[in-house]
Amino acid sequence: MATRIFIDGAAGTTGLEIRERLTGRSEFELIVLDDAQRKSEAARRDALHAADVAILCLPDDAAREAVRLAEGSDTRFIDASTAHRVADGWTYGFPELVGRDKIAGAQFVSNPGCYPTGFLALVAPLVRAGLLPADWPYTINAVSGYSGGGKALIERFESDLTIGFRAYGLSLDHKHLAEMQKYAGLAHAPVFSPSVVPTHRGMVVDVPLPLSAMNALQSRDAATAIQSCWYETYQDSAIVMIADAPESGEILLSRNAQPWDGMHICAFVNADGLQARLIAKLDNLGKGASGAAIQSLNIMCGFPEETGLAL
Ligand SMILES: NC(=O)C1=CN([C@@H]2O[C@H](COP(=O)(O)OP(=O)(O)OC[C@H]3O[C@@H](n4cnc5c(N)ncnc54)[C@H](OP(=O)(O)O)[C@@H]3O)[C@@H](O)[C@H]2O)C=CC1
Ligand SMILES: CC(=O)N[C@@H](CCC(=O)OP(=O)(O)O)C(=O)O
């Protein structure tokens, strides 16, 4: 019998992409609410109770409400919002870092944020292995395509073609800080500088490391040590890939990038091993959202994790 899936928020940016990735998969049966019903509390309650797995692609408050509406059912959840990422009782849906077995058995899975996906992939294994300190005030420079802000930011960037760059998060309290600190095991929240450029999708997350000041990994072999640790962590993954430094010496985002559920991570270390930059490139709507949700869904339902992903 097919597993019944309800995407709450199916008309939004993340929800639509999840639906596309499920198209043609006969092992799943979608519960769909029409436009008149999709925000009706009663219709959503019924759908949430009827589903085997509910995938929440909603603003945070609506995601919390969905979990309340499903009370009394044994529906399993994958929540794409920020609402439950550091909440008790929820498993963080980052299989490569958390362990596939934990996600396979979980009822409540929270999908990582797009920026944390890049940051954690780069830094968490190195902190865990003791190669980087847990008590360093890390900084993150990141740039995202405008679809990262959902329908509202898409509308803004597509109607105002004068915007060439948008720095934000200037109050230094971005909603992703808590999960970045928690799952990298850090003593302090990182200093996070996110920004948006006029491309629809794609993101680059860049973590500069002044290795000399950090008293960490200072040697000509720093790149090898970083890559060996990453290899240990990601060798079983077809999704997180350790990339060679590009010969061009640059990392580009394309204005017409296609959906992509992989992630490239790359370490750049200077000649004397005193400075490094760790850089992740991913699709905010792929491994940063919809692709990650499908990966967790596959694991929860016993399918190979990359089934249906764009890799
Ligand atoms: N976009 C991205 O790259 C990423 C997004 N996320 C997270 O995923 C979630 C969804 O984001 P995104 O798809 O970008 O956002 P969108 O704004 O594109 O979509 C949200 C959808 O939820 C609907 N909605 C809002 N309130 C309710 C409600 N009470 N009941 C039912 N439906 C409701 C909206 O309806 P309407 O169409 O009428 O506005 C809209 O269709 C957010 O929590 C976001 O932070 C996470 C990682 C990356
Ligand atoms: C460009 C842009 O606005 N991006 C969003 C994050 C997108 C995302 O990851 O959503 P979650 O917060 O649910 O993880 C932001 O910075 O708020």
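Quick caveat, the model's predicted, so the values are computed rather than measured.

Thresholds applied
Residues numbered from 1 in each chain as written. Chains lettered and ligands numbered in written order. Predicted model: local features only at pLDDT ≥ 70, side-chain atom pairs only at ≥ 80, totals over all residues. Heavy atoms only, no water. Near = heavy atom within 4 Å. Polar contact = N/O pair within 3.5 Å; in protein donor to acceptor, adjacent residues only side chain to side chain. Areas by Shrake-Rupley, 256 points an atom, 1.4 Å probe, with all protein chains shown as cover. Helix = DSSP H or I, 4+ residues; strand = E, 2+ residues; numbered from the N terminus. Nonpolar A, V, L, I, M, F, W, Y, C, P; charged D, E, K, R; others polar. Domains from an automatic or database assignment. Core = buried A, V, L, I, M, F, W, Y, C linked by side-chain atoms within 4.5 Å. Buried < 20%, exposed > 50% of the residue type's maximum accessible area, 1.4 Å probe, protein only. Contact = heavy atoms within 4.5 Å. Pairing = 2+ DSSP bridges. Axes fitted to C-alpha atoms, helices over the stretch in contact; angles between N-to-C directions.

(A) Inspection of the site of ligand 1 at higher detail. In the vicinity of ligand 1 there are 25 residues, among which Thr-13, Thr-14, Lys-39, Leu-58 and Lys-151 approach most closely. With respect to ligand 1, the side chain of Arg-38 contributes an N or O atom lying 3.0 Å from an oxygen atom. With the chains in place, 82% of the 890 Å² that ligand 1 exposes on its own is no longer accessible. Among the secondary structure elements, those contributing two or more residues to the shell around ligand 1 are helix H1 (13–22), helix H3 (60–69), helix H7 (150–159) and helix H11 (286–300). For the shell around ligand 1, the residue count by class is 8 nonpolar, 9 polar and 8 charged. Each of domain 1 (3–111 + 290–301) and domain 2 (114–282) accounts for three or more of the residues forming the shell around ligand 1.

(B) Region of interest: the nonpolar core. By size, the foremost hydrophobic cluster in this structure holds 44 residues, and its most contacted members are Phe-119, Leu-132 and Leu-278. Taken together, the elements giving at least two residues each to this core come down to helix H6 (114–128), strand S7 (139–145), helix H8 (177–184), strand S10 (203–209), helix H9 (211–214), helix H10 (222–234), strand S12 (263–269) and strand S13 (276–282). When residues of this core are assigned to their parent elements, the largest contribution, 10 residues, is made by H6. For this core, the domains that each give at least three residues are domain 1 (3–111 + 290–301) and domain 2 (114–282). If near-sequence neighbours (up to four positions away) are discounted, Leu-278 is found in contact with Leu-122, Val-123, Leu-126, Leu-132, Val-205, Asp-206, Val-207, Leu-209, Ile-226, Trp-230, Cys-266 and Ala-267. Grouped together as the second largest cluster of nonpolar side chains are 19 residues, Leu-22, Val-53, Ile-78 and Ala-106 included.

(C) Structural detail: the sheet that holds strand S4 (residues 76–79). Pairing within the open sheet is parallel, and its 6 strands lie in the order S2-S1-S3-S4-S6-S5. Edge positions in the open sheet fall to strand S2 (28–31) and strand S5 (91–92), since each of these has one partner strand only. In terms of strand pairing, S4 meets strand S6 (residues 108–110) through 3 bridges, oriented parallel. Counted as the bridge partner of Ile-78 is Val-109 from S6. Those strands touched by H11 are strand S1 (3–8), S2, strand S3 (53–56), S4 and S6, and its axis lies near 160 degrees from that of S4.

That is the geometry; function is a separate question.
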